[in-house]
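# Understanding the architecture of this molecule
Listed here are the chains, written in short residue letters.
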Amino acid sequence: MSLVIAIDGPAASGKGTLARKLAEHYGLPHLDTGLLYRATACALLDEGLPLDDVEAAVEAARGLSLTDFDEARLRAREMGEAASVVAAMPPVRAALIDMQRAFAARPEGAVLDGRDIGTVICPEARVKIFVTATPETRAQRRALELASRGEAVDYAAILDDVRKRDARDSERSAAPLKAADDAIKLDTSELDREEVLAAALAIVERARNV
Ligand SMILES: Nc1ncnc2c1ncn2[C@@H]1O[C@H](COP(=O)(O)OP(=O)(O)O)[C@@H](O)[C@H]1O
Ligand SMILES: Nc1ccn([C@@H]2O[C@H](COP(=O)(O)OP(=O)(O)O)[C@@H](O)[C@H]2O)c(=O)n1
């Protein structure tokens, strides 16, 4: 049986890092679904269009190619903000569903991370993990990440971004950020990357052996 692992959680909780490590461990393909929303927003910004231009956003979403992302650019601070604006529009989410489900349907399985993987994209996933950490921890991690990429960082502004994005992602009506009822919560505030991986592997192995 194929192994689909759904990882969800708020901004900078460590979803992507964990998803990458799990994918490597199990030899599965990984899709960071946040990049889809970031790339959609980026296409609008590049064309000088407003982020609330639904038609243009849907067209940009439909035209995305999974192998064609400029990650360095997409992971810039302002793209996270812009992504959460386009991600609140139901037609944009609808335009991205098939691509994500097709990825998850690969015969060997897949690891996907985002906000709605366990709830909407892969409700039948064998393993669902909801990764959390305090806003302060997440802001600190994101500040370190952006600084290491050469972005000027202001911890207070990043904490403010994290809080605003949590609110926007949780309060929207379309696929809001929330743990699926059958997701296992993993608080990473006090754990380093290896400890998070070890805890997640224990969760996956338990789920596989049920
Ligand atoms: N357990 C951890 N402890 C410390 N730093 C972490 C941990 N997990 C991830 N990070 C770092 O925090 C930043 C955000 O992690 P990332 O996996 O990109 O989060 P997300 O995908 O949830 O936005 C990255 O720089 C990553 O290396
Ligand atoms: N499955 C997903 C993934 C991301 N998103 C949106 O895209 C934005 C950027 O997602 P991301 O996962 O790249 O952001 P970080 O958690 O890495 O900061 C989020 O704030 C969400 O608004 C979403 O709505 N659904």
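Residues numbered from 1 in each chain as written. Chains lettered and ligands numbered in written order. Predicted model: local features only at pLDDT ≥ 70, side-chain atom pairs only at ≥ 80, totals over all residues. Heavy atoms only, no water.

A word on the nonpolar core. One finds L36, Y37, L64, F69, L74, V92 and L96 to be the most contacted residues of the largest nonpolar core, which totals 24 residues. Sorting the residues of this core by element identifies α2 (34-46), α3 (54-62), α5 (77-86) and α6 (90-104) as the ones contributing at least two each. The element contributing the most residues to this core is α2, with 7 residues. Residues within four places of L64 in sequence aside, it is in contact with L36, A39, T40, F69, L96 and M99. (Core = buried A, V, L, I, M, F, W, Y, C linked by side-chain atoms within 4.5 Å. Buried < 20%, exposed > 50% of the residue type's maximum accessible area, 1.4 Å probe, protein only. Helix = DSSP H or I, 4+ residues; strand = E, 2+ residues; numbered from the N terminus. Contact = heavy atoms within 4.5 Å.)

Taken in spatial order, the 5 strands line up as β2-β3-β1-β4-β5 in an open sheet, and their pairing is parallel. For this open sheet the edge positions go to β2 (30-32) and β5 (184-187), each flanked by a neighbour on one side alone. Put simply, the sheet's adjacent strands are angled 20° from each other on average, direction ignored. Of the strand pairs in this sheet, strand β4 (residues 127-132) and β5 are connected by 4 bridges, and their pairing is parallel. Across the sheet, the residue bridging to V131 is L186, located in β5. (Pairing = 2+ DSSP bridges. Axes fitted to C-alpha atoms, helices over the stretch in contact; angles between N-to-C directions.)

This next bit is on the pattern of salt bridges. Taken as a whole and assessed by the stated rule, the structure comprises 17 salt bridges. A salt bridge links E145 to R142, with the shortest nitrogen-to-oxygen separation between them at 3.1 Å. Placement of both E145 and R142 in helix α8 (residues 135-148) is noted, with a separation of 3 residues, approximately one turn of the helix. By sharing partners, the salt bridges in this structure join D32, E71 and R75 into a single network. (Salt bridge = Lys/Arg side-chain N within 4 Å of Asp/Glu carboxyl O.)

In the region of ligand 2, 18 residues are neighbours, and K15, R38, R142, R165 and D169 sit closest. At 3.4 Å, a backbone N or O of A12 approaches an oxygen atom of ligand 2. Within the side chain of T33, a nitrogen or oxygen atom sits 2.9 Å from a nitrogen atom of ligand 2. Protein contact buries 97% of the 530 Å² of open area that ligand 2 shows by itself. Among the secondary structure elements, those contributing two or more residues to the shell around ligand 2 are α2, α5 and α9 (155-171). Counting residues per element, the shell around ligand 2 draws most heavily on α2, at 3 residues. (Near = heavy atom within 4 Å. Polar contact = N/O pair within 3.5 Å; in protein donor to acceptor, adjacent residues only side chain to side chain. Areas by Shrake-Rupley, 256 points an atom, 1.4 Å probe, with all protein chains shown as cover.)

Moving on to the UniProt feature "binding site: ATP" (unreviewed entry) in the protein chain. Mapped onto this structure's residue numbering, the UniProt feature "binding site: ATP" (unreviewed entry) falls at G9, P10, A11, A12, S13, G14, K15, G16 and T17. Aside from chain neighbours lying at most four places away, what touches S13 is V131, T132, R138, R141 and T188. Judged by relative accessible area, K15 falls into the buried class, the value being 9%. (UniProt positions renumbered as here; feature names shortened; annotations may be inferred.)

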